[in-house]
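Architecture at a glance
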Amino acid sequence: QVRLVESGGGLVQAGGSLRLSCAANGRSSSVYTMGWFRQAPGKERDFVAAISWGVTKTDYTDSVRGRFTISRVNAKNTVYLQMNSLKPEDTAVYYCAGSASVLRSMRSAHEYDYWGQGTQVTVSS
C-alpha cells in the first residue's frame with residue numbers, strides 16, 4: 001500500500017512563492033507518474049502538473065506553465081511543486097497523486113491510484 005503525504009501549503013500574498021512537497025510512504029517504489037491537482041471551492045478537481053518516473057516527461061496546465069515547476073527525487077520518494085508568481089486564482093486545496101502504472105494521460109485524475117489528503121494554498125490579493 002502507498003500513502004502520499006503533502007506539506008508546504010499556506011497563506012501567501014499575490015506574487016509570492018510556495019513549495020509543496022509530497023512524500024510517498026509504503027511501497028513507494030511502485031509509484032510511476034506523480035502529479036498535482038487542485039480543487040477550489042465549488043469547482044471540480046483540476047490537473048495542475050505531472051512528472052514521469054524517469055523525469056523524462058513533464059506536463060502543465062496552461063494557467064501555471066512558466067510559473068510552476070514540478071520535480072521529483074526518486075531516492076527520497078518525493079515530488080515537489082515550486083509555485084512562483086502566485087495569483088489569487090491559484091487558491092485551492094492541492095492534492096498529490098500517484099499511479100501504479102504508466103499512464104496514457106497524465107492529466108486524467110481517474111487514472112491515478114493514490115491520493116494525498118490535500119494541502120490548502122491561499123493567495124491573498
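An account of the accompanying structure is given in this report. Since the structure is predicted, the reported quantities are computational estimates derived from the model, not experimental observations.

1. Regarding the state of the cysteines
- As enumerated under the stated definition, the model contains one disulfide in all.
- Here Cys 22 engages in a disulfide with Cys 96; their sulfurs sit 2.1 Å apart. The disulfide joining Cys 22 to Cys 96 has a torsion of about -80° about its S-S bond and is therefore left-handed. Of this pair, Cys 22 sits in strand E3 (residues 18-26) while Cys 96 sits in strand E9 (residues 92-98), and the two are 74 residues apart along the sequence. In this pair, the class of Cys 22 matches that of Cys 96, namely buried.

2. A closer look at the pattern of salt bridges
- Tallied over the full model, the rule gives five salt bridges.
- Bridged by salt links that share partners, the residues Asp 59, Asp 62, Arg 65 and Arg 107 form one connected network.

3. Structural notes on the sheet that holds strand E1 (residues 2-7)
- Read from one edge of the open sheet, four strands run E1-E3-E8-E7, paired in antiparallel fashion. Pairing within the sheet leaves two strands with one partner each, and these edge strands are E1 and strand E7 (68-73). Neighbour to neighbour, the strand axes of the sheet diverge by 15° on average, direction disregarded.
- Bridge count for E7 against strand E8 (residues 78-83) is six bridges, and the pairing is antiparallel. Within E8, the residue paired with Val 73 across the bridge is Thr 78.

4. Overview of a nonpolar patch on the surface
- Taken together, Tyr 32, Trp 53 and Val 102 make up a surface patch of nonpolar side chains, about 320 Å² in accessible area.
- For Trp 53, the position within the fold is in the loop between strand E5 (45-51) and strand E6 (58-60).
- A relative accessible area of 38% places Trp 53 in the partly exposed class.

5. Let's talk about the nonpolar core
- Ranked by internal contacts, the top residues of the largest apolar core, which has 27 residues, are Trp 36, Leu 81, Met 83 and Tyr 94.
- At the level of elements, E1, E3, strand E4 (34-39), E5, E7, E8, E9 and strand E11 (119-124) are the ones that each hand at least two residues to this core.
- Tallying contributions element by element places E3 first for this core, with four residues.
- Look past the residues within four positions of Met 83 in its chain and what remains in contact with it is Gly 16, Ser 17, Leu 18, Leu 20, Arg 67, Phe 68, Tyr 94 and Val 121.
- In this structure, Phe 37, Phe 47, Ala 97 and Tyr 112 belong to the second largest nonpolar core, which totals seven residues.

6. Points about the packing of aromatic side chains
- In the structure shown here, the tally under the stated rule is four aromatic pairs.
- Ring geometry for Phe 37 versus Tyr 112: centroids 5.3 Å apart, planes at 80°, classification edge-to-face. With a gap of 75 residues between them, Phe 37 in strand E4 and Tyr 112 in the loop between E9 and strand E10 (114-115) connect regions that are remote in the sequence. The residues Phe 37 and Tyr 112 share a single accessibility class, namely buried.
- An aromatic cluster of at least three residues, connected via ring pairs, comprises Phe 37, Phe 47, Tyr 112 and Trp 115.
- Taking the ring centre of Trp 115 as reference, the NZ or CZ of Arg 45 above it sits at 4.9 Å.

Rules used in this analysis
Residues numbered from 1 in each chain as written. Predicted model: local features only at pLDDT ≥ 70, side-chain atom pairs only at ≥ 80, totals over all residues. Heavy atoms only, no water. Disulfide = S-S within 2.5 Å. Helix = DSSP H or I, 4+ residues; strand = E, 2+ residues; numbered from the N terminus. Buried < 20%, exposed > 50% of the residue type's maximum accessible area, 1.4 Å probe, protein only. Salt bridge = Lys/Arg side-chain N within 4 Å of Asp/Glu carboxyl O. Pairing = 2+ DSSP bridges. Axes fitted to C-alpha atoms, helices over the stretch in contact; angles between N-to-C directions. Patch = residues over 30% accessible without salt bridge, like charges linked within 9 Å, V, L, I, M, F, W, Y side chains within 5 Å. Areas by Shrake-Rupley, 256 points an atom, 1.4 Å probe, with all protein chains shown as cover. Core = buried A, V, L, I, M, F, W, Y, C linked by side-chain atoms within 4.5 Å. Contact = heavy atoms within 4.5 Å. Phe/Tyr/Trp six-rings, centres within 6.5 Å; stacked < 30°, edge-to-face > 60°. Lys NZ or Arg CZ within 6 Å of the ring centre and 35° of its normal.

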